[in-house]
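Commentary on secondary and tertiary structure
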Amino acid sequence: MKIVVDDKIPYIRETICQLADEVVFLSGAAITADDVKDADVLVVRTRTRCNQQLLEGSKVQLVVTATIGYDHIDTEWLESAGIRWTNCPGCNSGSVAQYVESTLLLLEQKKGLSLRQSTIGIVGCGHVGSKVKAVAERLGMRVLVCDPPLASTPSPLTSHFVSLDEIERNSDIITFHVPLTKEGDYATWHLADDDFFHRLSRVPYIINTSRGEVVDNKALLLAIEEGRVRDAIIDVWENEPHPDADLLDKVFIGTPHIAGYSADGKVNADNMVIDAICQQFGLSHPGLIAPPALPKDFHYTGNPLELYNPMDDSQKLKTESSHFEQLRNNYPLRREKFD
């Protein structure tokens, strides 16, 4: 068996090499049809477009993306071609929740926002949004949750959900945790557009860690400049890896799509990748991958910002915005917890 793997997926090499006769590690953005024509498995991140152009005529039976999102996979074509695909839902939800918690603490520390007297509107309550909800409640915030797709199936979980209109009217902070969809009743492409920003009753902070296109970046920049948005924390951008320079300069925190980049989240994805391959081919499981230990001289006093402070990543990107892809690909993975 032959497996082609994105070479920026950490911690997986030793274990995945136990599963196949040949494992080839390549730059995700540079993987070609010639590279995969005789492969049985393709393991990717978001930088590899998995479609007919890449996979037609290949031996590939399984495509696994070590990410939550799968908009880089032409799922309809893969299914029509008999190629199984899978993603890693929830793998980095804890990491994104850590990112949001750190930014909330920084809003309180640097901007003077009282979290206990603030209302946060959470748009999307899946793997990530539900953990952000728990973080906000732990911080003593009033929490509003909007998730129309989930609310369409009434349950005790969704009974307290509110409309997007109520989020727009009553939130001091609005944070987005939705997949990117361009069509259908619940399309999220430019969910936060110029009309959205004009409907805001308060002057909130905006956080986006979902997909860049969920927030219209030009509309957000104008809303900040016109005082309809107080400030923003942006980790995902339209036109990545080339974020709008003016928006990057304006936002409180701007990072290179790394909210989900903890060692814990990456290990979760690795283990889900290994599980998928073993299940597909009936292989014996080689054992779980564990995240690396924190440095022995690390002293944790209980302040979450000691584990992760996104201001460091923001300063690097604002100083070297043309190095977006380098900063992302060579990101020094953090831990979510002290153990």
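Here the structure is a predicted model, which is why all the values come from computation and not from measurement.

Our focus in this paragraph is the sheet that holds strand E2 (residues 22-26). Taken in spatial order, the five strands of this open sheet run E2-E1-E3-E4-E5, and their pairing is parallel. Looking at the sheet topology across the chains shown, the edges are occupied by E2 and strand E5 (84-86). Neighbour to neighbour, the strand axes of the sheet diverge by 15° on average, direction disregarded. Judged from the three bridges that link them, strand E1 (residues 2-6) and strand E3 (residues 41-44) form a sheet pairing that is parallel. Bridged to Ile 3 within E3 is Val 41.

Here the focus is unusual backbone geometry. In this structure, Pro 241 follows Glu 240 across a cis peptide bond, with omega equal to 5°. Along the chain, the position of Pro 241 falls in the loop between strand E10 (231-234) and helix H11 (245-250). Phi at His 190 is positive, roughly 55°, even though this residue is not glycine. Looking at where His 190 falls in the secondary structure, it is placed in the loop between strand E8 (173-176) and helix H9 (194-199). A positive phi is found at His 257, a non-glycine position, where the angle reads about 60°. Mapped onto the secondary structure, His 257 falls in the loop between strand E11 (253-254) and helix H12 (263-281).

The next point concerns the pairing of E1. Most of E1 sits out of view: five of its five residues are buried. The two faces of E1 match: Lys 2, Val 4 and Asp 6 on one face and Ile 3 and Val 5 on the other face are all buried. Sheet topology note: the E1/E2 ladder contains five bridges and is parallel. Counted as the bridge partner of Val 5 is Phe 25 from E2.

Take the sheet that holds strand E6 (residues 119-123) next. Reading across the sheet, the six strands line up as E7-E6-E8-E9-E10-E11 and stay open at both edges, with parallel pairing between neighbours. Single-partner strands in this sheet number two, and they are strand E7 (142-146) and E11.

What follows deals with the pattern of salt bridges. Tallied over the entire structure, the rule returns 14 salt bridges. In this structure, Arg 199 engages Glu 168 in a salt bridge whose closest nitrogen and oxygen atoms are separated by 2.9 Å. Placement of the pair is Arg 199 in helix H9 and Glu 168 in helix H8 (residues 164-170), with a sequence separation of 31 residues. A residue is classified by how much of its surface remains accessible, and Arg 199, at 41% relative accessible area, is partly exposed. Residue classification places Glu 168 among the buried residues on the basis of a relative accessible area of 3%. Residue Arg 228 pairs with Glu 226 through a salt bridge whose shortest N-O separation is 2.4 Å. Linked by salt bridges that have partners in common, Arg 47, Glu 240 and Glu 325 make up one network.

Criteria and cut-off values
Residues numbered from 1 in each chain as written. Predicted model: local features only at pLDDT ≥ 70, side-chain atom pairs only at ≥ 80, totals over all residues. Heavy atoms only, no water. Pairing = 2+ DSSP bridges. Helix = DSSP H or I, 4+ residues; strand = E, 2+ residues; numbered from the N terminus. Axes fitted to C-alpha atoms, helices over the stretch in contact; angles between N-to-C directions. Buried < 20%, exposed > 50% of the residue type's maximum accessible area, 1.4 Å probe, protein only. Salt bridge = Lys/Arg side-chain N within 4 Å of Asp/Glu carboxyl O.

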